[in-house]
Structure formats: structure tokens, C-alpha cells
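# Structural characterization, general
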Amino acid sequence: MSSETLATVDVRPPDPPTGDPADLPVVARPRVGQWIAAAVVLIALALVARSVARNDAFQWDVVGDYFTSASVLRGLWLTLWLTGAVMALGFALGTLLALGRLSANPVLRSVSWGYVWLFRSMPILVQLLFWFNIGALYPTLFGVKTVDLLGPVTIAVIGLTLHEAAYAAEVVRGGILSVDRGQVEAAQSLGLGRWRRLRRVVLPQAMRSIVPPAGNMLIGTLKGTSIVSVIAVQDLLYSVQLVYHRTYQVIPLLLVATLWYVVVTSLLSVGQYYVERHYARGSERTR
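All figures in this text were calculated on a predicted structure; none of them were measured in a lab.

### Description of the nonpolar core
Ranked by size, the top nonpolar core spans 17 residues in total, and within it Val-72, Leu-236, Val-240, Leu-253, Val-256, Trp-260 and Tyr-261 carry the most contacts. For this core, the secondary-structure elements that each account for two or more residues are helix H3 (60–66), helix H4 (70–101), helix H11 (236–247) and helix H12 (250–279). Counting residues per element, this core draws most heavily on H12, at 7 residues. Non-local contacts of Leu-253, meaning those with residues more than four positions away in its chain, are made with Val-62, Tyr-66, Val-240, Val-243, Tyr-244 and Thr-247.

Below you can see the structure in the form of C-alpha cells.
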């Protein structure tokens, strides 16, 4: 190639694109691996659903017959009642324990800490069995036989409440500590008393941090009530157990209990979402 030919060749780099960079087209990178993984998961779910639907051992007709039977609905009602009572009493006691742990009084602080430490260290089944056999330690209470005074349902409420309060105390304490100290100081500068500051300033803001774990505790308590079947409380699980001990249809009756737990927990999850959105008003978590 001659020198004249080389001189006519333009070796300059191309001019950069002009205009607003935001107007330039954005081309997404192909994510082949993600699509392959999604396809594998969908195929696996389809195979599982097909297996469950076509397996005669599940006895879906029996599930439909017992799903709304009177005995199952009575057990469901007792499960819901236990859940509500335990959550209300547990958080009431847990709030007092949380305030005790945050108190400047060393006695209240130590006793509250000891309660939380003790009941979080004991398995709930051990606690229920202990209260169920409390008559061996105290045959009579208030002049009445312990067996007559503490029935299975009462023992279930006591055991579950004491257990729940230990965890509720930490949830409430964490929520109170999450409130900015400046909010408390501003309330003090307005002359608000301690209990009024707690009720009008601290707790409403602490609910933003309390509601999510409290909702999880509510769902956990609902499922945890099934353990009371060991002390012959006729909750949802115990009710289906009574049926399959008579009919020997174990799998379909366990499916009845499972489906009811799924339905109730799903409704509670929806309610938790709206409660969280209510208390998140005015914060970055509203959306």
C-alpha cells in the first residue's frame, strides 16, 4: 500500500453519541440461567400437584366430608379462643415485664429479667406437663382440690400465657427502645407525665416495631396450641385425632387439620399486613 493511500484512510475514533444519556436505549442482559431455573421449579411443582391430586391415598372425599363436621368446627373454635386469650393475656403480662426491665428500680429489673430467662429456657411441653401435674405439689388451693380447680383448658391457658409473656416482653421492650430518645425528651419538655408519655408518645411509635414480630407470634401461637392435645384439650388437632382413632383414616383427617391451619394463618397474615400499614403511616415503610 502506497503512502498516498495511507494518507486517505480515516483512523480517528467515532464521535461519541450526542443527546441525553437517559434517552439511549437500555438493552437487558439475557438471563438464561434464571429462566431455566424457573422452568425446572414450575415443572417440579406441577409434578407434585399432579401426584397429590391423583394419589387415592389422600382420600380427598373423606377430607371434604369431615372438613366442616361439627366435632372439627368445635375444635377449631377452641383453638381460636385459646389463641386470642393467650395473646391478649400474654402481651398484657409481657408489657408489664418489659416496663419492669426498663425500670430504674433494680428489684423490678432483676425480677423481670429472671422471669424472661426462666420461661424462655423451658420447653412449652415441659411447662404444660408441669402445670398439668401441679396437684402433686399442691393438692388443694384456696380450700378446693387442685384437680377440680384447674381443668385441662385452664391449665392450657396458664401454661401458654406464661410462656408467651416471656417472648412478648422482649418484643415490647425492643419496640420501646426503637423510639428515638428525642421524642421522649420533647414530651418531657411539654410537661407530660411518665405514663402519659408512654401512652401518647412512646407506644404509638413503638407499635411500628412491635406489630411485625407480634403478628408472627400470633401465627406461631395459633399453631402452637396444637401441643395442648397432650393434656386432652379438645382443640382442632385433638378433635381430628379422636375421629381417626375411631375410623383409622389418619391421613385425610390430618389433612383436614392442616387445611384449617392454612386457612386461618392466611387470614391472619392478611390482617397483619393491614395493621402494619396502619401503624407505618407517615414513615418510609408506608408504601
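### So, the pattern of salt bridges
The full count for this structure, using the stated rule, is 2 salt bridges. A salt bridge links Arg-173 to Glu-170; the shortest N-O distance between them is 3.0 Å. Note that Arg-173 and Glu-170 are positioned in helix H8 (residues 152–177) at a spacing of 3 residues, about one turn of the helix. The class of Arg-173 is partly exposed, set by a relative accessible area of 21%. Ionic contacts of the salt-bridge type, sharing partners, join the residues Arg-101, Glu-170 and Arg-173 into one network.

### Quick look at the packing of helix H9 (residues 181–189) against helix H10 (residues 194–224)
Their axes nearest at 10 Å, the elements H9 and H10 cross at an angle of 160°. Comparing the axis directions of H9 and H10 gives the class roughly antiparallel. For the element pair H9 and H10, the recorded crossing hand is right-handed. Contacts from Gln-183, Val-184, Ala-187 and Gln-188 in H9 reach Arg-197, Val-201, Val-202 and Gln-205 in H10. Of the residues that constitute the contact of H9 with H10, the class distribution is 4 nonpolar, 3 polar and 1 charged.

### Overview of the packing of aromatic side chains
Applying the stated criterion across every chain, the model contains 6 aromatic pairs. When the ring of Tyr-273 is compared with that of Tyr-274, the centres are 5.1 Å apart and the planes differ by 75°; the resulting orientation is edge-to-face.

### Quick notes on H10
Between its first and last C-alpha atoms H10 spans 36 Å; for 31 residues at 1.5 Å apiece the expected length is 45 Å, and the helix comes up short by more than 12%. The sharpest bend along H10 reaches about 45° and sits at Arg-208, with the proline Pro-212 one to four residues further on.

### Considerations on the UniProt feature "transmembrane region" (unreviewed entry) in the protein chain
UniProt annotation of "transmembrane region" (unreviewed entry) refers to residues 35–53, 76–99, 111–132, 217–238 and 250–275 when read in the numbering used here. Along residues 35–53 one finds 100% helix and 0% strand; the C-alpha atoms at either end are 27 Å apart. Helix makes up 91% of residues 111–132 and strand 0%, with an end-to-end C-alpha separation of 25 Å.

### Here's the deal with unusual backbone geometry
The phi angle at Ala-232 is positive, at roughly 65°, despite the residue not being glycine. If you trace the backbone, Ala-232 turns up in the loop between H10 and H11.

Parameters at a glance
Residues numbered from 1 in each chain as written. Predicted model: local features only at pLDDT ≥ 70, side-chain atom pairs only at ≥ 80, totals over all residues. Heavy atoms only, no water. Core = buried A, V, L, I, M, F, W, Y, C linked by side-chain atoms within 4.5 Å. Buried < 20%, exposed > 50% of the residue type's maximum accessible area, 1.4 Å probe, protein only. Helix = DSSP H or I, 4+ residues; strand = E, 2+ residues; numbered from the N terminus. Contact = heavy atoms within 4.5 Å. Salt bridge = Lys/Arg side-chain N within 4 Å of Asp/Glu carboxyl O. Axes fitted to C-alpha atoms, helices over the stretch in contact; angles between N-to-C directions. Parallel < 35°, antiparallel > 145°, perpendicular 65-115°, else oblique. Left-handed = near helix turned anticlockwise from the far one by under 90°. Nonpolar A, V, L, I, M, F, W, Y, C, P; charged D, E, K, R; others polar. Phe/Tyr/Trp six-rings, centres within 6.5 Å; stacked < 30°, edge-to-face > 60°. Expected span 1.5 Å × (residues − 1). Bend = angle between axes of the 7 residues up to and from the residue. UniProt positions renumbered as here; feature names shortened; annotations may be inferred.

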